[in-house]
Amino acid sequence: IIPAYRSEETQLHRAVSSVLTQEYPDLEILIIDDGNEPKYLPILQKVSETDDRIRVLHVPHGGVSAARNAGIRSAEGAYIFFLDADDLLVPGCLKEAAEIAERENADLLIGGTAAVYDGTVRAQRLPETEIIRINHKNRTWIKKIMLGEIERVTPEVFFNRGIAARLVKTAVAQRHLFDQTLAYGEDTLFNMDIICSESRVVLVKQAWYY
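All of these numbers come straight from a predicted model, not from anything done at the bench.

Student: When you look at the overall build of the protein chain in this model, what are you seeing that I'm missing?
Tutor: When you go through the protein chain residue by residue, the secondary structure sums to 7 helices and 12 strands. Scaling as 2.2 N^0.38, a compact globule of 210 residues should have a C-alpha radius of gyration of about 17 Å, and the protein chain matches this with 16 Å. Considering the protein chain as a whole, with its 210 residues, one finds that 50% of them fall into the buried category. Across the protein chain, the fraction of contacts at a sequence separation of at least 24, relative to all contacts at a separation of at least 6, is 81%.

As structure tokens, this is what we get:
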């Protein structure tokens, strides 16, 4: 799900390309047109024509939460991965995320995020992937992440408290939509709603999101 509002063509192309070049081909890309002005619509149309797996949903402008909710309601796949129009997916992340989610029967996977400075990617995929199954004994991990205490996988890769590097079951996301009344923190609340009500949460120590 990629919300798009006044997105630059180059950035949006890069974001979509980072999905199209994934090793996992069985996917759909939902670009949510968040009530863009007419001059931006040709950009969305041009991007959507690059691959038949891309679908553009046109919704009235309601902000990023409303756009994501529209995508959640329209998603046809078993899982959802969120991507902002000015961000990128790390190569190989969707295949790995899908395999872990199936193997662990996870409701929510939380992967690692890496920042890009001046267009330079400073972190690559890690040589090994470690998973942590969250239970009542180790929920301190989740508490620290949700409170914004950055937990680092490596010096460059960290766990984000928003929705970057998240894979969530579509059925679960549809029960826990984003609060459209919030201007800030809606993504953290989305995480917390799921974590507090669903039992299968897995942390994945791997770089998935730029």
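Student: How should I be thinking about unusual backbone geometry in this particular structure?
Tutor: Of note in the backbone geometry, Asn105 takes a positive phi value of approximately 50 degrees without being a glycine. By the element assignment, Asn105 lies in the loop between helix 4 (93-104) and strand 5 (108-114).

Student: Even after reading the chapter, I still don't get the environment of Ser74, so can you show me in this structure?
Tutor: Mapping Ser74 onto the fold places it in helix 3 (residues 64-74). Residues Ser74 and Ala106 lie 32 residues apart in sequence; the distance between their C-alpha atoms is 21 Å. Not counting residues up to four positions away in its chain, the partners in contact with Ser74 are Glu28, Leu30, Arg55 and Leu57.

Student: Where do I start with the nonpolar core in this structure?
Tutor: It is characteristic of soluble globular proteins that their nonpolar side chains tend to be buried jointly. Counting 32 residues, the largest nonpolar core has Leu109 and Trp208 as the members making the most contacts within it. Residue assignment for this core shows that the elements contributing at least two residues are strand 1 (2-4), helix 1 (9-20), strand 2 (29-34), helix 2 (41-48), helix 4 and strand 12 (201-209). For this core, the element with the highest residue contribution is helix 4, accounting for 5 residues. Among all residues touching Leu109, those that are not within four sequence positions of it are Ala97, Ile100, Ala101, Ala165, Arg166, Leu167, Val202, Val204 and Trp208.

Student: Explanation requested: the pattern of salt bridges in the structure shown.
Tutor: Side-chain pairing between opposite charges can occur once the charged atoms of the two side chains come close. Taken as a whole and judged by the stated rule, the model has 15 salt bridges. Across the pair Arg200 and Glu104 runs a salt bridge whose closest N-O atoms are separated by 3.7 Å. Of this pair, Arg200 sits in the loop between helix 7 (186-197) and strand 12 while Glu104 is found in helix 4, placing the two residues 96 residues apart along the sequence. You can call Arg200 partly exposed: its relative accessible area is 35%. When its relative accessible area of 6% is taken as the criterion, Glu104 is described as buried. Here the residues in one salt-bridge network are Arg103, Glu104, Arg133 and Arg200, joined through shared partners.

Calculation notes
Residues numbered from 1 in each chain as written. Predicted model: local features only at pLDDT ≥ 70, side-chain atom pairs only at ≥ 80, totals over all residues. Heavy atoms only, no water. Helix = DSSP H or I, 4+ residues; strand = E, 2+ residues; numbered from the N terminus. Rg over C-alpha atoms; globule rule 2.2 N^0.38 Å. Buried < 20%, exposed > 50% of the residue type's maximum accessible area, 1.4 Å probe, protein only. Contact = heavy atoms within 4.5 Å. Core = buried A, V, L, I, M, F, W, Y, C linked by side-chain atoms within 4.5 Å. Salt bridge = Lys/Arg side-chain N within 4 Å of Asp/Glu carboxyl O.

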